[in-house]
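Understanding the architecture of this molecule
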Amino acid sequence: MRQFDWSSTRLGTPDRWPEPLRIFLKVLLTTNHPMLVWWGPDLIQFYNDAFSAIAANALQKPALGTSGRSYWRALWSVIGPDVEHVMSGKGGVWREHRLMPADLAGSQQHYWTYSFSPIEQGDTVQGVLVVCRDETQEYRATLALLAREAELARVQQIGKIGGLEVNLTAGFRNRRSPEYLAIHGLPPEAATETHEDWVRRIHPEDRSRAEGTFLDAINGDVEGYSIQYRIIRPCDGETRWILAKTEIERDDNGKAVRLVGAHADVTDQVLAEQALRQSEEKYKKLAQELSQSLEKLRATQDRLIQAEKLASLGQLTAGIAHEIKNPLNFVNNFARLSSDRVAELMAVLGDATTASKTVVDINRLTITIQNNLAKIVQHGKRADSIVNNMLMHSRSGSGDHRPIEINGLLDETLNLAFHGARAQRPGFSVKLQRELDDDAGKLDLYPQEISRVFLNLISNGFYAATHRRTDSSGKDFEPMLSVKTVNLGDSVEVRIRDNGDGISPLIRDKIFDPFFTTKPAGEGTGLGLSISHDVVVKQHGGTIDVETEPGDFCEFIVRLPRGKLE
């Protein structure tokens, strides 16, 4: 501009220029900021190198000293009204991010920010100072940022996610995004809500936990935290589940200075998870019930199969027993009759006068025959007992299936067994102990069959206890038998214990086998415990077990299910 020949213009040489123009041109030439001056009615143009750089596309022809109104004719519809506004004394004009025409900005879109300020001489506006800046890159970056923010806001709205910021340098100064406000049901003015406002909005059951997690995090050394809690929206009173994820910025001393985070409305997800858990629990319960029903069905099927086997075996056993019993009755009857006849014969021979040697021989033979007959009678009775027990074992069941008080049944059986033993065995003495649970209540069972089980176990206990007293060298030993019931809820446990010699481990696994016995010949058939096992396990679906210490005690444990009580 200094090299331009100004003498050929209307303004003439610079020494003739007005003082205000000189002052502004001096500023224009000494700054690196793009500037343009329009002076006088013709708006004679002055500009610096910085302006030439940003307007290079438009300055293809000489512009210095020309009329701005003529030179910028294509642009005058955009800037002309603002220039006339300033020249008419109405004040300056500021325009931001204006899109420039292609003949000024080139082939690409350019955005300028500029100001038009009046240059006064006296009380009159003589010119316009133009200060401008090409903000294309910055403005495009701003537009891109705004577009990304708008897209992020749309994503946040779709995903029900809102942002928040808490300035921790002086208390809790909050800033909430519009999406956060929408999630929490808050009005726009709540964007700077207080810490107490947030706490009051939390569901009472989650309030202490949520606030405690927040305070522990900012007062600790963690980089952030995640928590899920409920809020009650002020706008509609609806309870919503919030998932909060935060990051905490700290100063060099580790003190929290800023917290940023995101809140997501996860109500639908939480409700779906709760419904899924309830459904899983429901179907798990149904599966358990189905499994239990299947187990019961299998147990019932097993019992039916066993019952059929027992019925077949019972019929076979009954048939065999009946076939044996008939000839056995003849053997026993004729043995007793023959013994009686031998006795009569000995009496007759006692009155006869026969050679002494003959009498002696006859007496010896007669006594031998009588002893043999006695053994036949003894073993015939045992065989008869075995046959009777076989017939009893062959029964598929007897009596009615009904609810009955287990304590009463056990006590009645104990009394029956005790008095029966006293009647059969002179000098019988066993101390009895009863420990009956009052809550044992009723069980649905076959009373006659269970009574037979109790009677068998109690009789065995009496035998073991009294047998130990007989064999014991200690004078202080006292035979003892105890019965006990325990309520187990859906079943009842019955314990029958004696202080006899117990059971050897060598034979413990055989005691429930049919025809197995440890008693001397003639005193046991070996069917009592076998029958008891079948009655408890196969007929009633219970269990029977034994605990024993050889030389100390033996205790049978019977567990009976309550069954379906009416």
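Further up the page is the structure itself.
Our subject in this report is the structure included herewith. (Residues numbered from 1 in each chain as written. Predicted model: local features only at pLDDT ≥ 70, side-chain atom pairs only at ≥ 80, totals over all residues. Heavy atoms only, no water.)

The helix and strand inventory of the chain stands at 14 helices and 17 strands. Across the 566 residues in the chain, those meeting the buried criterion constitute 37%. A fraction of 58% describes how many contacts in the chain between residues 6 or more apart in sequence connect residues 24 or more apart. (Helix = DSSP H or I, 4+ residues; strand = E, 2+ residues; numbered from the N terminus. Buried < 20%, exposed > 50% of the residue type's maximum accessible area, 1.4 Å probe, protein only. Contact = heavy atoms within 4.5 Å.)

Another point: the pairing of strand 5 (residues 124-134). With five bridges connecting them, strand 1 (residues 35-39) and strand 5 associate as antiparallel partners. For Trp 38, the partnering residue across the bridge sits in strand 5 and is Val 128. As judged from the ten bridges shared by strand 4 (residues 110-121) and strand 5, these two strands associate in the antiparallel manner. If you follow Glu 120 over to strand 5, its bridge partner there is Val 125. (Pairing = 2+ DSSP bridges.)

Under the defined criterion, the tally for this structure stands at 18 aromatic pairs. Where Trp 38 meets Phe 116, the ring centres are 5.8 Å apart and the plane angle is 70°; that geometry is what we call edge-to-face. One end of the pair, Trp 38, is in strand 1; the other, Phe 116, is in strand 4, with 78 residues separating them in the sequence. Across this residue pair, the class does not change: Trp 38 and Phe 116 are buried. (Phe/Tyr/Trp six-rings, centres within 6.5 Å; stacked < 30°, edge-to-face > 60°.)

Positioned with a positive phi, Leu 43 is a non-glycine residue whose angle comes to about 55°. Topologically, Leu 43 is positioned in the loop between strand 1 and strand 2 (44-47). For Leu 43, a relative accessible area of 0% puts it in the buried group. Phi at His 97 takes a positive value of approximately 55°, unusual for a residue other than glycine. Assignment of secondary structure puts His 97 in strand 3 (residues 93-100). Among the residues examined, His 97 registers a relative accessible area of 28% and is labelled partly exposed.

This brings us to the sheet that holds strand 7 (residues 173-176). Strand order in the open sheet made by the five strands is 7-6-10-9-8, with antiparallel pairing throughout. Among the strands making up the open sheet, the edge pair consists of strand 7 and strand 8 (224-232). Mean inter-strand twist for the sheet, computed between neighbouring axes without regard to direction, equals 25°. Where strand 6 (residues 161-167) lies against strand 10 (residues 256-265), seven bridges are found, and the strand directions are antiparallel. Along strand 10, the bridge assignment pairs Gly 162 with His 263. Contacts between helix 9 (residues 204-219) and the sheet are confined to strand 8, strand 9 (239-250) and strand 10, with strand 8 contributing the most and set at about 155° to the helix. (Axes fitted to C-alpha atoms, helices over the stretch in contact; angles between N-to-C directions.)

Quick look at the pairing of strand 2 now. Of the two faces of strand 2, the one lined by Ile 44 and Phe 46 and the one lined by Gln 45 and Tyr 47 are each fully buried. Strand direction decides the pairing type here: strand 1 and strand 2, joined by four bridges, are antiparallel. Counterpart to Val 37 in the pairing with strand 2 is Phe 46. Two successive antiparallel strands, strand 1 and strand 2, enclose a turn made up of four residues, where Gly 40 displays a positive phi of approximately 80°.

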